[in-house]
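Here is what each chain is made of, one letter per residue.
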Amino acid sequence: MAGALIGGLLQQGYAAADISVVEVDAAARERLAARFAVSTRETAGPETTGSQVILLAVKPQQLRAVAEGLRPVVGSQLLISIAAGIRTEDLSRWLGGYGRIVRVMPNTPALVLAGVSALYAMPSVPAEAREAAQSILAAVGSTLWVEREELMDAVTAVSGSGPAYVFYFIEALEQAARELGLPPADARRLSLDTFLGAARLAHDSNEDPAVLRARVTSKGGTTERALHSMESSGLQHLIVAAVLEAAERSRELGDELGQGGQA
């Protein structure tokens, strides 16, 4: 995800010289430097103090140690965290009560600059810092703000985990196509392009997806038969229930990760 953000920022006109990357893994540092021509370091140094924005793109389990290392050098910088599950109050505590924090939940389509990122800002984050955070995440897709942090659990369940749901449906569609006799390559192309086209149509339309679905569903036709089978099996209910379970797990992880960092 960090690589996607760097690439997106460079495409949006940011200068490589203005981006400094701290990466403990030597091989990863070399890859980032070679790919993007940005400066890389093993540990945070004096340049961190002069940075306007610090983007924390680390695993949630690593964030407490990273935050405690940054604690002596943060002053007025905007901190953006894309570590899943870590709440701003916990990150703030690890930083000694620091309040200029924006929490972000991006998703993996950011890798192809087609992601969607939800942002939450602590109340002490000024408007210009919020705008800076939004500009950075907009480099890899669309953005939206949530005004209550607890909604980030819903975001995680819907869009953070959402690509996996889409891939799962594509897998099933491919399997059905193969079982109907289509060659694997054709099954894959039909499934992917159908999903891509339908998503684009829904994205570009002002109409509700239910209306678009009804237009494809002729009385007594093939689509009606397939949808009746899905409805009879309770598929819609199962999907909703699954997303609610994901949101509950997001809440649980927030509790677990935050408790692990109690001072």
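Computed from a predicted structure; not experimentally measured.

Thresholds applied
Residues numbered from 1 in each chain as written. Predicted model: local features only at pLDDT ≥ 70, side-chain atom pairs only at ≥ 80, totals over all residues. Heavy atoms only, no water. Pairing = 2+ DSSP bridges. Helix = DSSP H or I, 4+ residues; strand = E, 2+ residues; numbered from the N terminus. Axes fitted to C-alpha atoms, helices over the stretch in contact; angles between N-to-C directions. Contact = heavy atoms within 4.5 Å. Parallel < 35°, antiparallel > 145°, perpendicular 65-115°, else oblique. Left-handed = near helix turned anticlockwise from the far one by under 90°. Nonpolar A, V, L, I, M, F, W, Y, C, P; charged D, E, K, R; others polar. Buried < 20%, exposed > 50% of the residue type's maximum accessible area, 1.4 Å probe, protein only.

### A few points about the sheet that holds strand β3 (residues 53-56)
Taken together, the five strands give an open sheet; going across it, the order is β3-β4-β5-β6-β7, and neighbouring strands pair in mixed fashion. Two strands in the sheet have a free side with no partner beyond their single neighbour: β3 and β7 (141-145). Strand-to-strand, the axes of this sheet are offset by a mean angle of 25°, without reference to chain direction. One ladder, built from four bridges, connects strand β5 (residues 101-105) with strand β6 (residues 115-121); its direction is antiparallel. Within the sheet, the bridge partner assigned to R103 lies in β6 and is Y120. This element, helix α5 (residues 127-137), spans β3, β4 (78-81), β5, β6 and β7 of the sheet and lies at about 40° to β4.

### Quick notes on the packing of helix α6 (residues 151-160) against helix α11 (residues 235-259)
Axis separation between α6 and α11 bottoms out at 8 Å; the angle between their running directions is 130°. Between α6 and α11, the angle is such that the two are oblique. In terms of crossing hand, the pair formed by α6 and α11 is right-handed. Contacts between α6 and α11 involve D153, T156, A157 and V158 from the first element and V243, A246, A247, S250 and R251 from the second. Of the residues that constitute the contact of α6 with α11, the class distribution is five nonpolar, two polar and two charged.

### As for the pairing of β5
Burial of β5 is extensive: five of the five residues sit out of reach of the surface. Side chains I101, R103 and M105 project from β5 onto one buried face, and the interleaved V102 and V104 project onto a second face that is buried too. With three bridges connecting them, β4 and β5 associate as parallel partners. By the bridge assignment, I80 is partnered in β5 with V102.

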